[in-house]
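# Structural overview
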Amino acid sequence: MACIKKKNQNNITRKIILVLLYTWTFVPFIPILIWSFSLRWNYPNLIPEFSLRAWKYVFTQKNIISSLFSSILISSVVTAISLAIGLPAAKALGMYKFKGKKLISTLVTLPAIVPLLAVAMGIQVVFIKLGLSDSIYGVVLIHLVPVMPYMIMNLSSVYEAYNPEFEQQARVLGANAFTTFYKITIPAILPGIIVASMFSFIVSWSQYLLTLIIGGASTKTLPLLLFAFLNSGDYAIGGAICIIFVLPALILLFGSPKYFAGTKSVRGGEV
Amino acid sequence: MTKLQLINLTKHYSGAPEPSVKDFNLTVEPGELVAFLGPSGCGKTTVLKMISGLLLPTEGDVLFNDESVIEIPPEKREVSMVFQKPLLFPHMNVGENIGFGLRMRKQKKDEIKVKVNNMLELVRLKGYADRKSTELSGGQEQRISLARGLVIEPRIFLLDEPLSALDASLRIEMRELIRKIQRHMKVTTICVTHDQEEAVMLADKIALMFDGKLQQYGVPEVFYERPKTKRIAEFFGCTNFVKGTQKGRTVATKLGAYTLDQLDDDNREVYLVVRPEAVEVSDGADSLKAKVKSRIFMGTHVRYIIDLFGKEYQITLESATLYKEGDIISFRLLKERLWAVPYDDNI
Ligand SMILES: Nc1ncnc2c1ncn2[C@@H]1O[C@H](COP(=O)(O)OP(=O)(O)O)[C@@H](O)[C@H]1O
Ligand SMILES: [Mg+2]
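Everything numeric here is computed off the predicted structure, so don't read it as measured data. (Residues numbered from 1 in each chain as written. Chains lettered and ligands numbered in written order. Predicted model: local features only at pLDDT ≥ 70, side-chain atom pairs only at ≥ 80, totals over all residues. Heavy atoms only, no water.)

This part takes up the overall build of chain A. For chain A, the helix and strand inventory stands at 13 helices and 0 strands. Mapped in sequence order, the helices and strands of chain A form the string α-α-α-α-α-α-α-α-α-α-α-α-α. Within chain A, the fraction of its 271 residues that count as buried is 40%. Put simply, of all contacts in chain A between residues at least 6 apart along the chain, 73% involve residues at least 24 apart. A total accessible area of about 15,300 Å² is found for chain A, and carbon and sulfur atoms account for 72% of it. (Helix = DSSP H or I, 4+ residues; strand = E, 2+ residues; numbered from the N terminus. Buried < 20%, exposed > 50% of the residue type's maximum accessible area, 1.4 Å probe, protein only. Contact = heavy atoms within 4.5 Å. Areas by Shrake-Rupley, 256 points an atom, 1.4 Å probe, with all protein chains shown as cover.)

Here's what the structure looks like:
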């Protein structure tokens, strides 16, 4: 009984925190949203003149559409690559004990702490020599620098909690090694993989400086375009792009709580 | 029903200085429930994993009804195992968890449903099939795990300390449930535990292990009445060992000479094993007189720590007459309940 009561209290606290978090996140977007649907918003009008000009513009302008697609492409590729590298690396860090594990963990998280500008300047010189500068490949590579730490940190905590006895349990119940992997292992760690991937996607999605330095003029991602419009003073279009820009983050915010179901389940029970 | 035989089973983990299980020989009769008892780290889990096929023995063989199963992978061996943690698959509900093994065997959906519901009833969780497996109490989780292991009607059922994570009252309830279901399904079962009382209450026979070796195998009573060594007697709660010499069937000690019909003829140095309850109050010629140092009240009985010829012993008497600290108790040893084990000055 006491246990159930505590659980309820936890649930209520969690809900309150979530509501506060959502409010905190959304309030700043209200003016931006209004901007994006306005023709102009002059003093002393409290409500601007309604117009779909900005949105029509955003969805018809070739350069905006294409930058949206290159942003989606780059972030997806970066996420896929970081997942491919991150899965085995995180498994090693999360599940096994070995010499130098602490050192490696620290090295892995380093790019998340060191100022990226310094890294980018140094790498740019190398990239120019390799012909990777001013190309989408270079941008993908440089995005991996800030993305990898998030990917590996997120995934290794999933593996730390994951109990390999699940696989043995499935085997004795009649599942062969292959079935066990795709019916037990993958689904058990999938929520963690999804959360880690969403984080990585957003970290890549929001890169401005790195894309600017390495991509040069050739690769126009959404944040680059956003800055351009904000500089030009067209707040309506800037607002519309801004809304599109924050969309993935909002999806993460709403989508992830159900994946944070707690680690008890992947541990296999309390002991 | 399946007879299980372990023959010279040995496991030497790579990198380990010594084998974790050495020359383990054991026969479990069809439908029997055997408890593997021993301190943590003695190799109990390792033996279970070799029986289930999760681990390949370094040497030795595992036979089901006189046929070797060593080549059969775990998923085909028809052995099911319940672990210490319930290990309910988090992405499946209760019914899907229980039905997992049946789905692996490609059984029909409606048949699976019937079997799952029968199992749920057996573990007293009727109507739980659609519950989320992540929202159960510890005891419920372990009962689901039990149901999931049994629904496939395994040839051999293995339980690896399934109760050790539960609290005391739940543990007793679960122990009785396991016993009842095992009788009902008549499945050859091994249950691992490090708790001597649990083993005694649960099992037809106990296999006691120390340091990767089988020490003694038999019905629970023999571990109290006929332990093979001092260490075994100690594991089963005996604290009184009196050094002596055995000639024929007579053991001579400073507490007197006792001719014990239950012993085999031998000439050796021994410890006379005196269980605390193998005494009675007596004023006869052969009685011993000891001073009470302290006492522990245990309900119907009282445990006295006594001083006899300068050494401490423990005896248990009925609480009808109470002795105080400093009182003299006059008692005698019950000859038919005494036992002798080889003297070993290492211990
Ligand atoms: N994978 C392994 N590699 C090396 N040594 C192991 C491994 N698993 C268990 N051991 C060792 O084997 C011994 C027996 O372990 P185990 O069978 O788990 O004992 P129990 O179940 O009785 O507690 C222990 O000393 C343990 O450290
Ligand atoms: Mg164990």
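So much for the structure itself; the text now carries on.
Glancing now at the state of the cysteines. Scanning the model with the defined rule gives 0 disulfides over all chains in all. A disulfide-free cysteine, B:Cys42 has its sulfur positioned 14 Å from the sulfur of B:Cys191, the nearest such atom. (Disulfide = S-S within 2.5 Å.)

Once that is clear, we can look at the site of ligand 1. Residues and elements named next belong to chain B. By nearness alone, every residue bordering ligand 1 is listed as Tyr 13, Ser 20, Ser 40, Gly 41, Cys 42, Gly 43, Lys 44, Thr 45 and Thr 46. The contact in question runs from a nitrogen atom of ligand 1 to an N or O atom on the side chain of Tyr 13, over 3.3 Å. Contact between ligand 1 and Gly 41: an oxygen atom at 2.6 Å from a main-chain N or O atom of the residue. Protein chains bury 56% of the 560 Å² of accessible surface belonging to ligand 1 in isolation. (Near = heavy atom within 4 Å. Polar contact = N/O pair within 3.5 Å; in protein donor to acceptor, adjacent residues only side chain to side chain.)

Quick look at helix 1 (residues 44-52) of chain B now. In terms of burial, helix 1 of chain B is a largely internal element, 8 of the 9 residues being buried. Positive backbone phi, at 95°, marks B:Gly53, one or two positions downstream of helix 1 of chain B.

Right, let's get into the pairing of strand 4 (residues 59-64) of chain B. All names here are of chain B. Judged from the 5 bridges that link them, strand 1 (residues 4-11) and strand 4 form a sheet pairing that is antiparallel. By the bridge assignment, Gln 5 is partnered in strand 4 with Leu 63. Two elements, strand 4 and strand 5 (residues 67-68), share 2 bridges in a ladder whose sense is antiparallel. Bridging from a neighbouring strand, Leu 63 pairs with Ser 68 of strand 5. Turn length for the strand 4-strand 5 hairpin, with the two strands adjacent in sequence and antiparallel, is 2 residues, and the turn residue Asn 65 shows positive phi of about 45°. (Pairing = 2+ DSSP bridges.)

Bringing helix 2 (residues 94-104) of chain B into the picture now. Across the 11 residues that make up helix 2 of chain B, a large majority, 9, are buried. Those residues of helix 2 of chain B that sit buried are B:Val94, B:Gly95, B:Asn97, B:Ile98, B:Gly99, B:Phe100, B:Gly101, B:Leu102 and B:Met104. Tucked into the core, helix 2 of chain B has its buried residues touching helix 8 (165-172) and helix 9 (177-205) of chain A together with helix 3 (109-122) and helix 4 (138-150) of chain B. B:Lys106, located one to two residues past helix 2 of chain B, shows a positive phi value of around 55°.

Now for the interface of chain A and chain B. The interface is formed by 26 residues belonging to chain A together with 33 residues belonging to chain B. Interface area for chain A against chain B, summed over the two sides, is near 2,400 Å², with a carbon-plus-sulfur share of 64%. One can count 1 salt bridge joining chain A with chain B. For B:Glu75, the salt bridge goes to A:Arg171, with nearest N and O atoms at 2.8 Å. Our enumeration of links across chain A and chain B arrives at 6 residue pairs in polar contact (both at pLDDT 80 or more). Elements represented by at least two residues in the side of chain A that touches chain B include exactly helix 8, helix 9 and helix 13 (264-267) of chain A. At 7 residues, helix 8 of chain A tops the list of elements feeding residues into the side of chain A that touches chain B. Residues belonging to the side of chain A that touches chain B are distributed by class as follows: 10 nonpolar, 9 polar and 7 charged. (Buried area = accessible area lost by both parts, 1.4 Å probe. Salt bridge = Lys/Arg side-chain N within 4 Å of Asp/Glu carboxyl O. Nonpolar A, V, L, I, M, F, W, Y, C, P; charged D, E, K, R; others polar.)

Here the focus is the packing of helix 8 of chain A against helix 9 of chain A. Residue and element names in this part refer to chain A. Between helix 8 and helix 9, the least distance of the axes is 10 Å, while the angle of their chain directions is 125°. Between helix 8 and helix 9, the interaxial angle falls into the category oblique. Between helix 8 and helix 9 lies a crossing whose hand is right-handed. Counted together, Phe 166, Glu 167, Ala 170 and Arg 171 of helix 8 and Ala 177, Thr 180, Ile 184 and Thr 185 of helix 9 form the full contact between these two elements. (Axes fitted to C-alpha atoms, helices over the stretch in contact; angles between N-to-C directions. Parallel < 35°, antiparallel > 145°, perpendicular 65-115°, else oblique. Left-handed = near helix turned anticlockwise from the far one by under 90°.)

Take the environment of A:Tyr182 next. Residues and elements named next belong to chain A. Considering the arrangement of structural elements, one finds Tyr 182 in helix 9. Look at Tyr 182 and you get partly exposed, because its relative accessible area is 44%. Sequence separation of Tyr 182 and Leu 141 is 41 residues, and the distance between their C-alpha atoms is 30 Å.

As a further point, take the sheet that holds strand 12 (residues 250-253) of chain B. Residues and elements named next belong to chain B. Within the open sheet, the 5 strands sit side by side as 13-12-11-14-20. Their pairing is antiparallel. On the outer flanks of this sheet lie strand 13 (256-259) and strand 20 (339-342), each paired with one strand and no other. In this sheet, neighbouring strand axes are inclined to one another by 35° on average, regardless of whether the strands run parallel or antiparallel. Bridge count between strand 11 (residues 240-248) and strand 12: 4 bridges; the pairing is antiparallel. Across the sheet, residue Gly 244 finds its bridge partner in strand 12, namely Thr 253.

It is worth spelling out the pattern of salt bridges at this point. All names here are of chain B. Taken as a whole and assessed by the stated rule, the structure comprises 16 salt bridges over all chains. For Lys 205, the salt bridge identified is with Glu 32, shortest N-O distance 3.0 Å. Of this pair, Lys 205 sits in strand 9 (residues 205-210) while Glu 32 sits in the loop between strand 2 (21-28) and strand 3 (33-37), and the two are 173 residues apart along the sequence. By relative accessible area, which is 12% here, Glu 32 ends up buried. Glu 234 is the salt-bridge partner of Lys 230, the closest N and O atoms lying 3.6 Å from each other. One end of the pair is Lys 230 and the other is Glu 234, both in helix 8 (residues 230-235) and 4 residues apart, which spans about a single turn. Looking at Lys 230, the relative accessible area reads 11%, which means it is buried. Overall, Glu 234 belongs to the partly exposed group, its relative accessible area being 34%.

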